[in-house]
Amino acid sequence: RLREISTLTNDALHLMDSLPPLVQILRYGNVRKTDTEQVRTVVEEFIPRLCIGLTASCVSLDEENSKGIFEKIVSANHAISILGNAALQTSWNTALKQMVLHPAIHPILKGACTRILFEKQLYDVKATATQMHYALSMANDATESATWLEGFLHGSGLLLIHNPSLWKILDEWVDEISMSNFKEIIPLLRRTFAKFSPAEREKMLQLAKRIFTPK
């Protein structure tokens, strides 16, 4: 029945919703003692379709819907990593790269996908800095840039603390932004940085106090 349903649906978001609980069954089993190999077969069949349809399902969404999908992507990324299937992981990574590069994907999703690719070491610091430059360009709307940053920094601020080149890009963006735009995005920035641990925020405060000297 599960195979039939997954075969008939073309909605990548529905497939993404079903992935984490199915992977949990594969990992731990369940009280019904479901045949995990049958579940694995179904999962391995629908993940490629999920990867193919992901970008199309996320095009031109508003902020509210994009934030919901943001959580789904983080959960799906964790689930696919647990599976340990190299081919499926490659398909998923390709889908994330397509999300980063597509012009009609909401900034919070592009930022989140960039962060995931960096953590997987599929984007090095240089490639990540390039995406960050694009996202924080003065040519972009300041709110969109702040929203990209929210997706990029989800979970931890250590990314900025341990990579001076990324911190420098953020520092220059804040320095160049107009006061009126800065006042507009303060709530977004506060929401992002408030999620970091006190130790991370203290470290960032110390970084902000220094005069950055380029190498």
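As the structure is a prediction and not an experimental result, all values here were calculated from the model.

A. Region of interest: the state of the cysteines. Tallied over the entire structure, the rule returns zero disulfides. Cysteine Cys51 remains unbridged, with the sulfur of Cys113 as its closest cysteine sulfur at 11 Å. Exposure remark for Cys51: the relative accessible area of 4% places this residue in the buried category. Of all cysteine sulfurs in the structure, the one in Cys58 sits closest to Cys113, which takes part in no disulfide; the separation is 7.8 Å. Given the relative accessible area of 0%, Cys113 is considered buried.

B. Broad picture of the packing of helix H5 (residues 86–101) against helix H6 (residues 107–119). The geometry of H5 relative to H6 is characterised by a closest axis approach of 8 Å and an angle of 140° between their N-to-C directions. Put simply, H5 runs oblique to H6. The handedness of the crossing between H5 and H6 comes out as left-handed. Together, Asn93, Leu96, Lys97, Met99, Val100 and Leu101 of H5 and Leu109, Lys110, Cys113, Thr114, Ile116 and Leu117 of H6 make up the contact between the two elements. Residue composition of the contact of H5 with H6, by class: eight nonpolar, two polar and two charged.

C. Spatial organisation of the nonpolar core. Judged by nonpolar contacts, the single largest core of 39 residues is most densely connected at Met16, Leu19, Val43, Ile47, Ile73, Trp92 and Leu109. Mapped by element, the contributors of at least two residues to this core are helix H2 (12–28), helix H3 (36–58), helix H4 (63–83), H5 and H6. Excluding residues within four positions of it along the chain, Leu19 makes contact with Val43, Phe46, Ile47, Leu50, Ala76, Ala79 and Ile80. The next biggest cluster of nonpolar side chains, apart from the first, holds 26 residues, and it includes Phe118, Leu136, Ala146 and Leu166.

D. Focus on the confidence of the model for the chain. Of the residues in the chain, 93% reach a pLDDT of 70 or more, and the chain-wide mean stands at 90. H5 holds the highest mean pLDDT among the elements of the chain, 97, whereas helix H1 (residues 2–8) holds the lowest, 71.

E. Structural detail: helix H7 (residues 125–135). For H7, the set of buried residues is Thr128, Ala129, Gln131, Met132 and Ala135. Buried residues of H7, seen end-on, are gathered within an arc of 160° and therefore sit on one face of the element. Facing away from the buried side of H7 by more than 90 degrees, the exposed set consists of Lys126 and Tyr134. Against the buried residues of H7 lie H5, H6, helix H8 (142–152), helix H9 (158–161) and helix H10 (164–176). Measuring from the side-chain oxygen of the N-cap residue of H7 to the backbone nitrogen of Lys126 gives 3.2 Å; that N-cap residue is Asp124.

F. Here's a closer look at the environment of Pro103. Considering the arrangement of structural elements, one finds Pro103 in the loop between H5 and H6. Residue classification places Pro103 among the exposed positions, given a relative accessible area of 75%.

Conventions and cut-offs
- Per chain, the residues get numbers from 1 upward, laid out in the order the sequence is written.
- Only residues with pLDDT of at least 70 get local features here, since the model is predicted, and only at 80 or more are side-chain atom pairs given and counted; chain-wide, interface and lining totals rely on the full set of residues.
- Think of the side-chain values as coming from all heavy atoms in the structure, minus any hydrogens and water.
- What counts as a disulfide here is a pair of cysteine sulfur atoms lying within 2.5 Å.
- Relative accessible area decides the class of each residue, using a 1.4 Å probe on protein chains only: under 20% of the type maximum gives buried, over 50% gives exposed, and in between gives partly exposed.
- Axis geometry follows a simple rule: fit a line to the C-alpha atoms, using only the stretch in contact for helices, then measure angles between N-to-C directions, giving values from 0 to 180 degrees.
- The helix and strand labels rest on DSSP assignments: H or I over at least four residues marks a helix, E over at least two residues marks a strand, and numbering proceeds from the N terminus.
- For this classification, under 35 degrees means roughly parallel, over 145 means roughly antiparallel, 65 to 115 means roughly perpendicular, and everything else is oblique.
- Crossings are classed by handedness, with left-handed meaning an anticlockwise turn of the near helix from the far one by less than a right angle and right-handed meaning a clockwise turn.
- In what follows, residue pairs with any heavy atoms lying within 4.5 Å of each other are defined as contacts.
- Asp, Glu, Lys and Arg are counted as charged, while Ala, Val, Leu, Ile, Met, Phe, Trp, Tyr, Cys and Pro are counted as nonpolar; the rest, among them Gly, fall into the polar class.
- Nonpolar cores are built from buried Ala, Val, Leu, Ile, Met, Phe, Trp, Tyr and Cys residues. Side-chain atoms within 4.5 Å join them into one set.
- pLDDT gives the predictor's per-residue confidence on a scale running from 0 to 100.
- It is the directions from the helix axis to the C-beta atoms that the arc portrays.
- Here a polar contact means two N or O atoms within 3.5 Å. Within protein one must be a hydrogen donor candidate and the other an acceptor candidate, and residues neighboring in sequence count only if both atoms are side-chain atoms.

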